[in-house]
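Now for the letters of each chain:
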Amino acid sequence: MKRALITGVTGQDGSYLAELLLEKGYEVHGIVRRSSTESFERIEHLAGKIHLHQADLLDQLSIIDVMKESDPHEVYNLAAQSFVPTSWKQPVLTGEFTSIGVTRVLEAIRLLGPDRIRFYQASSSEMFGKVQEVPQKENTPFYPRSPYGVAKVYGHWITVNYRESYNMFCCSGILFNHESERRGREFVTRKVTDGVARIKLGLSSELRLGNLDSKRDWGFAGDYVRAMWLMLQQDQADDYVVATGETHTVRRLVELAFAAVDLDWQKYVKIDQTLVRPAEVDLLIGDPAKAKAKLGWTPEVSFEQLVERMVKADVARLQGKPIPDFKARGI
Ligand code: NDP
Ligand code: GDR
């Protein structure tokens, strides 16, 4: 039986990836960090099916211990301080988790099984930052625009470097924004769908947002974890852009979300300058040609379907009803 270790298993992607690996017959291990209140909401339904270990990306020995206990064939490094605005407020901590944390995981693998443990790094389209080329591909130059983006560039290159220095099987997945009903409420898609649901149900009267003009290539998280797994099943380790190849403004996201409950967004959305970022990433659109050709990966959920299902899920949740069955993994 194959064993996998996931850092960031309590996060959006961690929960979908754990489900996918269980479906594929893996023994799944996850790293959780100690906190006075548990944040296991996304993996509650997996209790008893996955093995949780306490460790922290800030603590090298804790990672080595977990690596020994779980003895994985594959390691997926998804843990990070992943919210871009927080990276301006806590740039040093963001660097510790999101940059040096990657090296700590790689060092644990180098120590315990450089020839047999395969590694996936959660890299990000935020590394592209200021537009250098459209659409963005694996070899598009990086120009990050936030401490988070800068930290992810380090994580990407240290992954490439361990592959080249030690011949380790290390892949960097450059994933564009991917969302779901499990997305954290601070990210714009979920903030919008949760806000729309609250307004529809009379629980709120307005939705405050920042820049409506930025453009993102948004996909469904359940599709994207499939690409992570596929990367580690290849003969050669490599880096891949994972994206839909379509881009939409935040304004279009807002229009669609309000339209899903028959409301006119212009009556409810207020622009709040405090939500505008010190430096913005204006346009992201990825070219997934390599992932399609080499991994056989294609996204299955469209942007319109994604927005609609997220609004429906938030309405149901706020009404105390079960989340609708979207005929997608684990929902
Ligand atoms: P989330 O923010 O939902 O999850 C982040 C996870 O990291 C949580 O499980 C969190 O644990 C954990 N974590 C944070 N700091 C530490 C630490 N010091 N030690 C151990 N665990 C820690 O992110 P997503 O699931 O959306 O994203 C997964 C990864 O992919 C991240 O690295 C993100 O930067 C990257 N990414 C995400 C994209 C997206 O659109 N979603 C696109 C491209 C890259 P806790 O529950 O305790 O907070
Ligand atoms: P992003 O996602 O920064 O792309 O990073 P986010 O959803 O936070 O922002 C997307 C765009 O929406 C604009 N925006 C707002 N954003 C938030 N959060 N809240 C608002 O009120 C708001 N109003 C407008 C932003 O300015 C931005 O242009 C996500 C994270 O998951 C990263 O971890 C990941 O690496 C990248 O996606 C790819």
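With an unreviewed UniProt entry as reference, the protein is termed GDP-mannose 4,6-dehydratase, source organism Frigoriglobus tundricola. One UniProt comment on the protein, placed under Cofactor (unreviewed entry), says "NADP(+)".

Under the UniProt annotation, the feature "domain: NAD(P)-binding" (unreviewed entry) is placed at residues 5–310. The straight-line gap between the two end C-alpha atoms of residues 5–310 is 28 Å; of that span, 39% is helix and 16% is strand.

A few words now on the site of ligand 2. In the vicinity of ligand 2 lie 20 residues, with Ser82, Ser124, Val188, Gly210 and Ser214 positioned nearest. Of the residues assigned to the shell around ligand 2, the class counts are 7 nonpolar, 7 polar and 6 charged. Domain assignment of the residues forming the shell around ligand 2 places at least three in each of domain 1 (3–178 + 217–242) and domain 2 (184–216 + 247–282 + 301–318).

Moving on to the site of ligand 1. By nearness alone, 25 residues border ligand 1, and Gly8, Gly11, Ala79, Ala80 and Ala122 come closest of all. When residues of the shell around ligand 1 are traced back to their parent elements, those giving at least two are helix H1 (12–23) and strand E5 (118–124). In terms of residue count, H1 provides more of the shell around ligand 1 than any other element does, 3 residues in total. Each residue belonging to the shell around ligand 1 can be placed in one class, and the counts come to 9 nonpolar, 13 polar and 3 charged.

About the criteria used
- Residues numbered from 1 in each chain as written.
- Chains lettered and ligands numbered in written order.
- Predicted model: local features only at pLDDT ≥ 70, side-chain atom pairs only at ≥ 80, totals over all residues.
- UniProt positions renumbered as here; feature names shortened; annotations may be inferred.
- Helix = DSSP H or I, 4+ residues; strand = E, 2+ residues; numbered from the N terminus.
- Near = placed C-beta within 6 Å.
- Nonpolar A, V, L, I, M, F, W, Y, C, P; charged D, E, K, R; others polar.
- Domains from an automatic or database assignment.

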